[in-house]
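Close look at the chain arrangement
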Amino acid sequence: MAEITFPLPDLGEGLIEATVLEWLVSPGDQVERNQPLVEVETTKSAVELPSPQAGKVVRIHGGPGDKINVGEPLIVFEVPDNTAGIVGTVPKEEAPKRRVRLSAVLDED
Amino acid sequence: MSNAILESGAAMADGTPRRGVEQLSMQQALNLALDEVLAANPKALVFGEDCGRLGGVFRVTDGLQAKYGTGRVFDTPLAESGILGMSVGLAMAGFHSIPEVQFDGFAYPAINQIVCQIARMNYRSRGTMPMPITLRVPSFGGIRAPEHHGESLEALFAHVPGLKVVSPSNPHEAYHLLKYAAERPDPVVFMEPKSRYWQKGEVDFDSADPAGSPAGGSPAGAKVMRAGRHLTLVAWGAMVARCLQVAELAAEDGIDIEVLDLRWLKPIDEAALAASVRKTRRAVVVHEAPLTSGLGAEVAQLITQACFDTLKAPVERVTGFDVPYPSGDLEDEYIPNIDRILFGIQRVLEYKRG
Amino acid sequence: MDTLPSPFSGNDAGQLSGPRSEPLTAGQLRELFSLMVAVRHLDSSAIAWQRQGIIPGYAPELGQEAAQVGSGYAVDTTRDFVFPTYREMGVARAMGVDMVAYMSTHKATWHGGLYDPLQSRLAPIQAVVGGSVLHAVGWAHGQTLDQKDGVAMTYFGDGASSQGDIHEAMNFAAVMKAPVVFFVQNNGWAISVPTERQVAGGSVAARAAGYGMPALRIDGNDVVAVVEATRRAFAHARAGNGPVLIEAMTYRRGPHSTSDDPGRYRSLNEERDDAGEDPLERFRRRLLADGVADEAFFAEALAAAKAEEEHIRAGIQALGSRPGSEMFDLVFQETTLALQAQAANWREESEHV
Ligand SMILES: Cc1ncc(C[n+]2csc(CCOP(=O)(O)OP(=O)(O)O)c2C)c(N)n1
Ligand SMILES: [Mg+2]
């Protein structure tokens, strides 16, 4: 598993920070792309930030009322090291299992 | 992941082949090979469905468009016959196309262009219009995918005069075989075992084969992946790894197995087959493709021809069945598993003449 | 994306003969809404099932509910026949297909799905892009030969419109005057390739002119427009006037499949700008404004959708693997000795019988 950190994006010209109003997800949640993550307030307005990607939330930064600067970590996702192709799954490496035993009298001629 | 691939390719900015040894997945090894081919040959092109911006559904072409531009690495409209047909004209215009068909089963819509055109233009044009086309096809099963994403087409391709066919079994092979295939003046179908894209392995950039191997350091022929005395397992693609596991299990029972990775499915390295089986005197061929008219029959015949006098038993085949590749739930029932391969070995070991 | 407001403003729409169908009743409008909610809820649940390991993969149809439910709703399952792709869950649901049997394909139980295609009037799920469009022409021509009045409807995407088979199908159908409705869902994307780099000229509907076939380019996010256009196309084809093409302009709001990462080829801003208004929300507001439905009805529809999803999930979870012997038994109507021998060998050497 790898971790991907998303910083607070620039929410409009010139903004340098935003205040967390409410987190809509918690660590452990599986979120989908575009799912609302957090409500933040800028000097202009309150906005809901959608998730740029699907993944499992590992950490969130800042509680209600905390200020976060643009570019600072906002949320950390856990993503599998290997992503499957467009369809199907990544096969698991399993220890080989057997039922059949071999028996042979080998004449080493 | 995309960064990881780009990083390992980063030293390649000037196109110098890499040196030394690295742990890479097959995806990464193939990506690196394509990177080097594009750097070395300004006439090389990479294209197909989702090969550009997305970097391919298995990320094999990841980062290449950013590096070489949309002229040399590009997305095509969704039409396999179009992709392969266009490769013919590009070859006539002096380009080396390295098209991708997204999945094995989608080579079928392109069969007309592959069989009727690519495979015979050199012949038709009396050698004046060679077809240096390297067709990459994610192949074989094992990933619980929808229909047409688990097919083994090697016998189909191998049967067509004018096509060469190769399949790597691990990241090292993938790197060297793709580079080699992409330098050939003839059409090569390059079958990538999709179930092995993610497993990492050592890639020795300096030499295709370990010193002293029977293939003599060239990626042109078959390769002994494990030496043994009692029986030769012949395989390619994803089945090589499985056969290596079987060989370890057989060793517990006192049976010493040689595993021969055929690599080239056309032309087949007859000398390597003969050399191995003359020594072991027993052979089992393993493939995922259906049994009937599969490549196992060709291999068995070549062995029989070369080793009839010394063979202890008829060559056995352990293969998929004559059924359409099944849905994920039944996949493990279809692909030759360890026990079925052991059964095949046991049949050969038990064989009594007369 | 330039969607056209009226369902009848596509090129050559004037050639479409046949009466306009009756306007939808309030009851039908509510039924359409309930279907769309059921489909939306099942679709988003299927993504969650994949994340939970219940199914290995899924191709969501988020954003295409109006196009799918609206067109599927227009089908007369007593005489018509439908050819889906891999993304037509909403069509299947609107046609009343058993959804456990339908979703089984995503559980990797059986490639084509486990529903009975003949009874459901829905051909097996098709994984080859453009694979079944010619089949629709053949089925429809069979209706002509048998002097029956069934119509074939075949689905395909903007990406599929690049395949040669699609063009062959349009030409065949037009030459033979086969009763086919070509239903294109132009959802803006074929995996990572946007329509503008897929469809030269930008319109699949425009192709129809070349084949002498009427076409309707409709707002595929307006379920009422979709139902009306599809009904009209069916009437045209049923009356013996030959094929019709409908290009429903919509948007694939989700990833191509559960393992796709759209962030690699489009931004959230682009998605927001291009997706337009959510077809479900838009229909909800319309029903409310027209006094056709109220909040109580919406709540009821959602509750029913949730109950339905639970039922389908339970069915999917309870679904075991098919017996391996089916691999052999279903290859032919008349099996072969070689196949029987392989089945015997499999039974002997396989652990799971
Ligand atoms: C013949 C063929 N080629 C490639 C694929 C892989 N593939 C599956 S879906 C898809 C994109 C299809 O796009 P579109 O027709 O627009 O339908 P959508 O997925 O948007 O519903 C591709 C390339 C396939 N299934 N069949
Ligand atoms: Mg599309």
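Look up: the structure comes first, before these words.
Residues numbered from 1 in each chain as written. Chains lettered and ligands numbered in written order. Predicted model: local features only at pLDDT ≥ 70, side-chain atom pairs only at ≥ 80, totals over all residues. Heavy atoms only, no water.

**So, the interface of chain C and chain B**
A common way to report how large an interface is uses the accessible area buried once the components associate. Opposite the 39 residues of chain C that make contact, chain B presents 36 residues. For the pair chain C and chain B, the summed buried area comes to about 3,300 Å², and 54% of that belongs to carbon and sulfur atoms. Sorting the residues of chain C by area buried against chain B places C:His111, C:Arg264 and C:Glu349 first, and these three jointly supply 24% of that buried surface. Remark: the boundary between chain C and chain B carries 3 salt bridges. Here B:Arg347 makes a salt bridge to C:Glu349, at a shortest N to O gap of 2.6 Å. Counting every contact that joins chain C to chain B gives 18 residue pairs in polar contact (both at pLDDT 80 or more). At 5 residues, the largest contribution of residues to the side of chain C that touches chain B is made by helix α14 (residues 337-349) of chain C. Class assignment of the residues belonging to the side of chain C that touches chain B gives a composition of 17 nonpolar, 15 polar and 7 charged. (Contact = heavy atoms within 4.5 Å. Buried area = accessible area lost by both parts, 1.4 Å probe. Salt bridge = Lys/Arg side-chain N within 4 Å of Asp/Glu carboxyl O. Polar contact = N/O pair within 3.5 Å; in protein donor to acceptor, adjacent residues only side chain to side chain. Helix = DSSP H or I, 4+ residues; strand = E, 2+ residues; numbered from the N terminus. Nonpolar A, V, L, I, M, F, W, Y, C, P; charged D, E, K, R; others polar.)

**Comments concerning the interface of chain C and chain A**
The interface is formed by 18 residues belonging to chain C together with 15 residues belonging to chain A. Each partner contributes to the roughly 1,200 Å² buried at the junction of chain C and chain A, and carbon and sulfur atoms together form 51% of this total. Taken together, chain C and chain A are joined by 2 salt bridges. Between A:Arg33 and C:Glu271 there is a salt bridge; the shortest N-O distance is 2.4 Å. Listed by contribution, the elements that provide at least two residues to the side of chain C that touches chain A are α1 (26-51) and α10 (268-275) of chain C. In terms of residues, the side of chain C that touches chain A owes the most to one element, α10(C), which gives 3 residues. For the side of chain C that touches chain A, the per-class residue count stands at 5 nonpolar, 6 polar and 7 charged.

**Quick word on a nonpolar patch on the surface**
Together, C:Phe172, C:Val175 and C:Met176 make up a nonpolar patch on the protein surface, roughly 290 Å² of accessible area in all. Relative accessible area serves as the criterion here: at 63%, C:Val175 is assigned to the exposed category. (Patch = residues over 30% accessible without salt bridge, like charges linked within 9 Å, V, L, I, M, F, W, Y side chains within 5 Å. Areas by Shrake-Rupley, 256 points an atom, 1.4 Å probe, with all protein chains shown as cover. Buried < 20%, exposed > 50% of the residue type's maximum accessible area, 1.4 Å probe, protein only.)

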